[in-house]
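# A structural walkthrough
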Amino acid sequence: MKTRVIQVDPQQPSASALADAADVLSRRGLVAFATETVYGLGALATDPAAVDRIYHAKGRPPFNPLIVHVEGITQARQFTAVWPKAADRLAGTFWPGPLTLVLNRSSLIPDIVTGGRETVALRVPLPPVARGLIERVGQPLAAPSANRSNRLSPTRAEHVLSDLDGRIDLILDSGPTSFGLESTVLDLTGSPLRILRPGPIGPEEIAQCLGGLDQVASTREDVAGPPGELPASPGMLNVHYAPRTPALRVDAIEDLAKISWPEKPALLVLGPAALPDLPDALHLVELPEPEAAGQRLYSILHECDALYLDVIIIVMPPDQPEWRTIRDRLVRAARPVAG
Ligand code: TXA
Ligand code: MG
């Protein structure tokens, strides 16, 4: 299969590009498009054969469910069996935006989208390209991140192409995404509400929006579930969001003393830090500020892969709320340095 790439204006995508992409989707094709977080790989959510192609293109295990991208609250309600008050408040506040809500699904959602679960994950993306595409097709789009399974999420069209060239029909290239990290996934089907994946919308904002209506839990133990049971969210398992280059993390700048540097190392420093003396041939990236760090993180890791570096050493950012999502992804991307 030949993968086409069409350049589109991120703010004002042309009607012909959207019509072209919608046509591909209606024929059960796969179209990658930018959301505000990462690029998604879209297919018609109501068509099991189309959704099946997503799993094949990504090499994704069938038990890992997909997020369904909808136009707005009205469409979301059609695909849920129950629409609780908390969903109304959260969607009213954060949609369109990087918050995914897990709710009980209606019969319109095929089993293949949810890996057989009775719940469905829904969100309304923000960018005009994503919204225009959903409107144009007139149907919700199942769209996981547009990468091979267990690889890094793409924040640029080039990342999608290098991972999925020849496996998907079309990429709408509207430039780099704005947040750069995946959406917050919040499970509303139980009590307390559970954050299954930390993201741009934090537990404080969620709790504040709900005004004490519900409790919000966000521990990793919650997500893992009891031993022997299916995890609440398969995508929260480790070995996710990882670059191909071996990656090691240290908690503090002083721990760099433990490193025996190979020939072609990268050093990625998150958070403010005064650097010690370092090897000359070092691919050094400093990201002192959380917002810019989130936006650039995956792009930098993709770049390290493209340069075929020997190792990426990562200095972890401080354990503070504004670094929470980045810390979560780095713990999955990199192993701790031994010793
Ligand atoms: O920002 C994002 O969320 C991006 C853009 C494209 O929207 N999408 C994304 O999709 O990151 P994906 O498939 O890479 O990650 C979706 C996560 C996975 O961890 C998956 O297990 C979880 O959401 N998930 C999906 N449906 C679920 C459900 N019904 N119950 C629990 N977890 C679910
Ligand atoms: Mg993903």
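Look up a bit, the structure's there.
In what follows, the accompanying structure is described. Every value quoted in this text rests on a predicted model; they were computed, and no experiment measured them.

## Overview of the packing of helix α4 (residues 85–94) against helix α8 (residues 203–210)
- In the contact formed by α4 and α8, the axes pass within 9 Å of each other and the chain directions differ by 115°. The chirality of how α4 crosses α8 is right-handed. Of the residues in α8, those in contact with Ala 86, Arg 89, Leu 90, Thr 93 and Phe 94 of α4 are Glu 205, Ile 206, Cys 209 and Leu 210.
- A per-class count over the contact of α4 with α8 returns six nonpolar, one polar and two charged.

## Quick word on the sheet that holds strand β13 (residues 265–270)
- The sheet built from five strands is open, its strands ordered β14-β13-β15-β12-β16 with parallel pairing. At either margin of the open sheet sits one strand with a lone partner, and together these are β14 (283–287) and β16 (335–336).
- Bridging between β13 and β14 involves five bridges; their strand directions are parallel. Its bridge partner lying in β14, Ala 266 is registered against His 283.
- Packing against the sheet, helix α10 (residues 290–306) makes contact with β13, β14 and β15 (311–315), and its axis sits at approximately 170° to β14.
- With respect to the sheet, helix α11 (residues 324–333) is in contact with β12 (247–250), β13 and β15, its orientation differing from that of β12 by roughly 130°.

Here is what the cut-offs are and how they apply
Residues numbered from 1 in each chain as written. Chains lettered and ligands numbered in written order. Predicted model: local features only at pLDDT ≥ 70, side-chain atom pairs only at ≥ 80, totals over all residues. Heavy atoms only, no water. Axes fitted to C-alpha atoms, helices over the stretch in contact; angles between N-to-C directions. Helix = DSSP H or I, 4+ residues; strand = E, 2+ residues; numbered from the N terminus. Left-handed = near helix turned anticlockwise from the far one by under 90°. Contact = heavy atoms within 4.5 Å. Nonpolar A, V, L, I, M, F, W, Y, C, P; charged D, E, K, R; others polar. Pairing = 2+ DSSP bridges.

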